[in-house]
Amino acid sequence: MNVLIVDPALHSRGGHHYTAVDRLRQELRRAGAAARCLGSAQVDDATRAALDCQPVFSRSVYGRPDGSDRQFRADVATAARELAAALRGSPAPDLLVLPCCDAVLAAAVARTVPRGHGRRRPRVLLWLLYGPHPLRAPDDPQVAPRLAQARQAYAALDAVTEVRACCETPAMAAFWQDAVPFRVGVQQGPGLILAPRPPRTTEAPLVSCIGFANRAKGYRLLPGALDEVLRQDASVRFLVHGIVQGSDAEQEVPLFDSLAALGERVEVRRDVLDATTYGDLLQATDLLLLPYDPAVYGVRGSGLFADARRAGVPVVAPRACAFARPAFDEGWGIAMETHDAAALARAILAGLAQRDDLARRAAAAAAHRSDGLAALLRDALADPPAPAPPRRGFLHRLWPEPARFWRRSPRKDPVC
């Protein structure tokens, strides 16, 4: 089967776009399928070499601030033209995997997919990681025009392909299920394969905050919270890693200066982490801070949380964030009851007081869990799709023959 992974936001070896494509390629190889990869036009040489990634797209899924219909149509036309050029001269894909899909990418794929009498309908496996706007809540009234565009785009994709769609939380899946014509299930996005966190050999616990430091990630809460914790616990160490370049928080560089000024027990990093370094930092962490703003992250998932879950690392997160609910339910997460620095400090101190118990529960949860990605991809690769049936006039258009592949399941079963 000819497999194509498409992610216009893939440009460097740092972050979850890289780890998602890397994991997908590993799992596909294990299943006996090789995959081409199309990424950002700005993809760096190291990523091109490591992932065999072809530079294609001039804009990423995060680089579309204008939500107007006119801009949407222009963005779709550009993405479709770039995708068509990348596919020219190559066999048509049987399976497209879109680890971070938005309406523009969906519409571009729908416009570009080869079609015709007797041609097989390609499969599409996609993840809807956020709502119509990547930095706003799905039900924010300001994103209503984008939701209308998304309905149009996903309907067009459904008309020419066999779609299987995944969200990372049940809440996000429920939102999208009301907006798209295909079934939406729950499946964590592809992430690192991490060994269980090794037993601690030091009495000085490490509390970490790692990631792309856009405003919704809650980095502004750290100076006040860390200062309070340092006053009360003489042993704790902090690692704060954050990248603001290219985010909506580029003016917040002084925040990192204030964190560095807290003293030698606070390490501040602003470099791009490759997958190995990132994994090492995560496994060295005793308590991972995810102080994300529930106004944006209330229903969406978190790739960092998923990696912590696989590695058995306890977390701190707002109770209102759906992604962290498994940690709270299973006893390896500490909840912030409000989204402010004081609540974050209280949660950190509570986590430090329960460190051994949290670590034991997180390790037990990680040991008995598979993220399900391998099985999902095996299903996607099984039994090539049958050719589309020939048109038989008006009645056939009203009652087309149901697709044998990925027959829609009842909504009571939310698993992808």
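Relevant structure appears above.
Keep in mind it's a predicted model, so treat the numbers as computed, not measured.

Conventions adopted
Residues numbered from 1 in each chain as written. Predicted model: local features only at pLDDT ≥ 70, side-chain atom pairs only at ≥ 80, totals over all residues. Heavy atoms only, no water. Axes fitted to C-alpha atoms, helices over the stretch in contact; angles between N-to-C directions. Helix = DSSP H or I, 4+ residues; strand = E, 2+ residues; numbered from the N terminus. Parallel < 35°, antiparallel > 145°, perpendicular 65-115°, else oblique. Left-handed = near helix turned anticlockwise from the far one by under 90°. Contact = heavy atoms within 4.5 Å. Nonpolar A, V, L, I, M, F, W, Y, C, P; charged D, E, K, R; others polar. Polar contact = N/O pair within 3.5 Å; in protein donor to acceptor, adjacent residues only side chain to side chain. Expected span 1.5 Å × (residues − 1). Buried < 20%, exposed > 50% of the residue type's maximum accessible area, 1.4 Å probe, protein only. Arc of directions from axis to C-beta. Pairing = 2+ DSSP bridges.

Undergrad: Can you break down the packing of helix H1 (residues 16-30) against helix H15 (residues 373-381) residue by residue, with the values?
TA: In the contact formed by H1 and H15, the axes pass within 10 Å of each other and the chain directions differ by 60°. Regarding the angle of H1 to H15, the classification is oblique. Of the two possible hands of crossing, H1 and H15 adopt the one that is right-handed. Here Arg23, Leu24, Glu27 and Leu28 of H1 lie close against H15, whose contacting residues are Leu373, Ala374, Leu377 and Leu381. The residue inventory of the contact of H1 with H15, partitioned by class, reads 6 nonpolar, no polar and 2 charged.

Undergrad: An account of the side chain of Asp102 is requested, with residue identities and associated values reported.
TA: You can see Asp102 is positioned in the loop between strand E4 (95-98) and helix H4 (103-112). One polar contact links the side chain of Asp102 to the main-chain amide nitrogen of Leu105, over a distance of 2.9 Å. In contact with Asp102, not counting residues within four places along its chain, are Val61, Arg64, Tyr130 and Tyr154.

Undergrad: I'd love a proper account of helix H5 (residues 144-160), names of residues and values included.
TA: In a regular helix each residue adds 1.5 Å, so 17 residues correspond to 24 Å; H5 covers 25 Å between its end C-alpha atoms and thus fits that length. Turning to H5, its buried residues number three or more, namely Arg146, Leu147, Gln149, Ala150, Ala153, Tyr154, Leu157, Asp158 and Val160. All buried residues of H5 fall inside an arc of 165° around its axis, so they share one side. With respect to the buried face of H5, the exposed residues turned more than 90 degrees away are Gln152 and Ala159. Against the buried residues of H5 lie helix H3 (69-87), H4, strand E5 (123-127), strand E6 (162-167) and helix H6 (170-177).

Undergrad: Before we move on, can you summarise the sheet that holds strand E10 (residues 266-269) with the specific residues and values?
TA: Across the sheet, which stays open at both edges, the 6 strands sit in the order E10-E9-E8-E11-E12-E13 with parallel pairing between neighbours. The strands lining the two open edges of the sheet, one partner per strand, are E10 and strand E13 (333-336). On average, each strand axis in the sheet is inclined to that of its neighbour by 20°, with strand direction left out of account. Relative to E10, strand E9 (residues 237-241) runs parallel, the two being bridged by 4 bridges. Among the inter-strand pairings, His241 is bridged to a residue of E10, identified as Arg269. Sheet contacts for helix H7 (residues 222-232): strand E8 (206-209), E9, E10 and strand E11 (287-289); angle to E9, the most-contacted strand, approximately 170°.

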